[in-house]
Amino acid sequence: MQNDNHSLHTDDFIIDVSGNTDIPIHFRNDIYLSESEPIPHQNGSYNTDSWKIGKKYSRKLNLTEDQIKILDKMSFSGNVFNEIEYCKIQILKQFLRAVDYLYQHCIPVNKSYLTVIDELSEIIVCLRYNYRKESLNYSYTYDSVQTEIFNHILKLCENNVREIYGIKRKINTDFNYNEPDILHQYNKKIVSKLEIFLKENQHQILDADYKTNIILNENNTSRWKTKFDLIKEDYSNPLAFEREIFRLVEVNVKNPSADAIFFEASKFAADYDRTCALRLYIHYLEKDLNSSRFDQRPLNKTIQKSLFSTREQLADFEKILNDFIADRNLENAIENANLLYQPKRKKITIDPEAIKDIQAQDSETADILGQILNTEDEDETFIETVQITKEEEELTITISPQVSENQTSKYLDSLNLSDIQKEILDLFEKNSFNILQCDFGDFIKTKGLFMGSAIDSINECCFETLDDVLIEEEDEYFIISTNYYQKLLNND
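Calculation criteria
Residues numbered from 1 in each chain as written. Predicted model: local features only at pLDDT ≥ 70, side-chain atom pairs only at ≥ 80, totals over all residues. Heavy atoms only, no water. Helix = DSSP H or I, 4+ residues; strand = E, 2+ residues; numbered from the N terminus. Buried < 20%, exposed > 50% of the residue type's maximum accessible area, 1.4 Å probe, protein only. Contact = heavy atoms within 4.5 Å. Areas by Shrake-Rupley, 256 points an atom, 1.4 Å probe, with all protein chains shown as cover. Salt bridge = Lys/Arg side-chain N within 4 Å of Asp/Glu carboxyl O. Core = buried A, V, L, I, M, F, W, Y, C linked by side-chain atoms within 4.5 Å. Axes fitted to C-alpha atoms, helices over the stretch in contact; angles between N-to-C directions. Parallel < 35°, antiparallel > 145°, perpendicular 65-115°, else oblique. Left-handed = near helix turned anticlockwise from the far one by under 90°. Nonpolar A, V, L, I, M, F, W, Y, C, P; charged D, E, K, R; others polar. Pairing = 2+ DSSP bridges. Phe/Tyr/Trp six-rings, centres within 6.5 Å; stacked < 30°, edge-to-face > 60°. Polar contact = N/O pair within 3.5 Å; in protein donor to acceptor, adjacent residues only side chain to side chain. pLDDT = per-residue confidence, 0-100.

Caption draft 1: Spatial organisation of the overall build of the chain. Summing up its helical and strand segments, the chain has 21 helices and five strands in all. When each of the 492 residues of the chain is scored for burial, the buried share is 42%. Counted over contacts in the chain with a minimum sequence separation of 6, partners at least 24 positions apart contribute 69%. Entry remark: accessible area of the chain is about 27900 Å², with carbon and sulfur atoms responsible for 47%.

Caption draft 2: Focus on helix α8 (residues 210–219). Those residues of α8 that fall on the buried side of the exposure criterion are Thr212, Asn213, Ile214, Leu216 and Asn217. Residues of α8 that are buried make contact with α4 (85–105) and α10 (238–250).

Caption draft 3: Local environment of the pattern of salt bridges. This model, assessed by the stated rule, comprises 13 salt bridges. As a salt-bridge pair, Glu179 and Arg128 come within 2.4 Å of each other at their nearest N and O atoms. Remark: Arg128 occurs in helix α5 (residues 116–129) and Glu179 occurs in the loop between α6 (136–164) and α7 (180–200); sequence separation between them is 51 residues. Relative accessible area serves as the criterion here: at 24%, Glu179 is assigned to the partly exposed category. Take Arg128: its relative accessible area is 31%, and that puts it in the partly exposed class. We note a salt bridge from Glu264 to Lys267, for which the minimum N-O separation is 3.4 Å. Taken together, the residues span about one helical turn, with Glu264 and Lys267 both in helix α11 (residues 258–269) at a distance of three residues.

Caption draft 4: Just the nonpolar core, in detail. Phe95, Ile117, Ile149, Ile153, Tyr165 and Ile190 are the most contacted members of the largest nonpolar core, which totals 52 residues. For this core, the secondary-structure elements that each account for two or more residues are α2 (53–57), α3 (65–72), α4, α5, α6 and α7. By residue number, the principal contributor to this core is α4, which donates eleven residues. Excluding residues that lie within four positions of it along the chain, Phe95 makes contacts with Ile70, Leu71, Met74, Phe150, Ile153, Leu154 and Cys157. Among the nonpolar cores identified, the runner-up in size contains 40 residues, and Ile245, Ala270, Leu285 and Leu299 belong to it.

Caption draft 5: Spatial organisation of the packing of helix α12 (residues 274–289) against helix α15 (residues 330–338). α15 packs onto α12 with a crossing angle of 160° between their chain directions and a minimal axis gap of 9 Å. One element, α12, and the other, α15, form an angle in the roughly antiparallel class. Of the two elements, α12 crosses α15, and the hand of that crossing is right-handed. Where α12 approaches α15, its residues Thr275, Leu278, Arg279, Ile282, His283 and Glu286 are matched on the opposing element by Leu330, Ala333, Ile334, Ala337 and Asn338. Residue composition of the contact of α12 with α15, by class: six nonpolar, three polar and two charged.

Caption draft 6: Geometry of the environment of Pro256. Here Pro256 lies in the loop between α10 and α11. Along the primary structure Pro256 and Ser291 are separated by 35 residues, whereas in three dimensions their C-alpha atoms are 7.2 Å apart.

Caption draft 7: Local environment of the sheet that holds strand β4 (residues 471–474). What the three strands build is an open sheet, ordered β3-β5-β4; its pairing is antiparallel. Edge strands, defined here as strands with exactly one partner in the open sheet, are β3 (434–436) and β4. Along the sheet, successive strands turn relative to each other by an average axial angle of 30°, direction set aside. Across three bridges, β3 lies against strand β5 (residues 477–480) in antiparallel orientation. By the bridge assignment, Ile435 is partnered in β5 with Phe478.

Caption draft 8: How the structure looks around the packing of aromatic side chains. Applying the stated criterion across every chain, the model contains 23 aromatic pairs. Ring centres of Phe175 and Tyr186 lie 3.9 Å apart, and the angle between their planes is 0°; this geometry places the pair in the stacked category. On the criterion of sequence distance, the pair formed by Phe175 in the loop between α6 and α7 and Tyr186 in helix α7 is long-range, its members being eleven residues apart. You can call Tyr186 buried: its relative accessible area is 1%. Ring geometry for Tyr235 against Phe268: centres 5.7 Å apart, planes inclined by 75°, an arrangement best described as edge-to-face. Of this pair, Tyr235 sits in the loop between α9 (224–233) and α10 while Phe268 sits in helix α11; the two residues are 33 residues apart in sequence, bridging distant segments of the chain.

Caption draft 9: Local environment of unusual backbone geometry. At Arg328, a residue that is not glycine, the phi angle is positive and equals roughly 55°. Relative to the assigned elements, Arg328 resides in the loop between α14 (311–327) and α15. At Asp467, a residue that is not glycine, the phi angle is positive and equals roughly 60°. Structurally, the position occupied by Asp467 is in the loop between α20 (451–466) and β4.

Caption draft 10: Quick peek at the packing of helix α18 (residues 419–430) against helix α19 (residues 437–446). Two elements in contact, α18 and α19, have axes whose closest approach is 12 Å; the angle formed by their N-to-C orientations is 150°. On the basis of the axis angle, α18 is roughly antiparallel to α19. Considering only the axes of α18 and α19, their crossing is right-handed. Here α18 contributes Glu423, Ile424, Leu427 and Phe428 to the contact with α19, which in turn contributes Phe440, Phe443 and Ile444. Tallied by class, residues from the contact of α18 with α19 come to six nonpolar, no polar and one charged.

Caption draft 11: Summary view of the side chain of Arg223. By the secondary structure assignment, Arg223 is in the loop between α8 and α9. Here Asn217 takes part through its side chain, which lies 2.9 Å from a polar atom of the side chain of Arg223. When residues no more than four places from it in sequence are discounted, the contact partners of Arg223 are Tyr165, Gly166, Ile167, Ala208, Asn213, Leu216 and Asn217.

Caption draft 12: Region of the structure containing the pairing of β5. Both faces of β5 are covered, namely the face carrying Tyr477 and Ile479 and the face carrying Phe478 and Ile480. Where β4 and β5 come together, four bridges link them in antiparallel fashion. Looking at β5, one finds that Glu472 is bridged to Ile479.

Caption draft 13: Here's a closer look at the confidence of the model for the chain. On average, residues of the chain carry a pLDDT of 80, and 77% of them reach 70 or more. pLDDT under 50 marks residues 1–38. Its contacts with residues more than four places away, or in other chains, come to 76 contacts. With pLDDT under 50 throughout, residues 390–394 is counted as low confidence; its partners more than four residues away or in other chains account for five contacts.

Here's what the structure looks like:
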């Protein structure tokens, strides 16, 4: 039996589309209007319920009365992701599509219920509370359970949007009612159906816009890697590659790991275009110089050997880098890098008086010089280059340290942190103070340390200053409180 009598009709319920459906979009352009502004009534007074989700988004999402009623009962568990206005809009639109799908395609077994959510609400109230259906407790609890079901669906939709936006960290979606019978019915009638729907309808979630990408990249410092992999897969020529890299860096302008994008791009480009690789490395260095810590990461030996076939080329590039560190003239450094592989010529300035003297002293020499002077346009000569032999495998780009302003430790001297401990704290800063434990484990292995002892040693160093633990575990992450981190800095 179809739910023909249900008030939420299909065509009116879906409010978001990808542009491929015949359902009109009525979203307004004022998507960034302030949510906190109360909605005035016609008589000049203000609607005290305007903070509710349905009221807030009634105009932005062109909601029906039924949709407003559902959303007004719900609430977001606020976090950095869903507090971004654009993300919140996409979550709500996916939620409304999901609920509409349940209403239209998940038919209750008991025909007395209009929707599967009504049916599940009744099942939960009976199994958990056993209230009489005519009692006040039943009515109140029924509404509460139904709202919890909607809130759980909202969380599933948020994780769905997070996945599309390349956010690895997901929110907890444990259901409040964990009795086996309830969970079985809930998973069978709702969760299993939604898993299929949300996967197949991810294309209806709009791509993040420019402003949203900047915020997401600031809060998720490794998010750029997914887009970088796509750029590498689509490589066609060095100019197009550089253009895409700069676009990626542009939306990572607030990401402290933005220098890593240029560094990895330089490594990749070395296999295709040497000049492009040099330019990208200089851009990496420029970002690195302007970061809180000057890492000065060198290209590995294999890449260096593919970039420099002579000692002179290596020495010239070192000079370009050192000059850039000294004068910070990026344009000049890029220009010099573009000329690095061109044949080098040196002008010979001939002093006529000196020639006369030589002519007077040695007529034979004077004859030779005379022949040189008579040779057309031979005022230049090539510089001999020396090929790097196979035995000379130890190539290292040595950059003279000239950045005195970055040499002062940013951490309190009283903490007595070792260099590796400072490096670990810098790693947390670059990753917005939360790191996957597996990623942190990989980093620690490269340093020849044990993960637990490394964390314990830092916590011990900082405990007296903070009177608390600095690095904590949360799910599969290690996290640091930004307030605690600020207390460790010299300039705090």
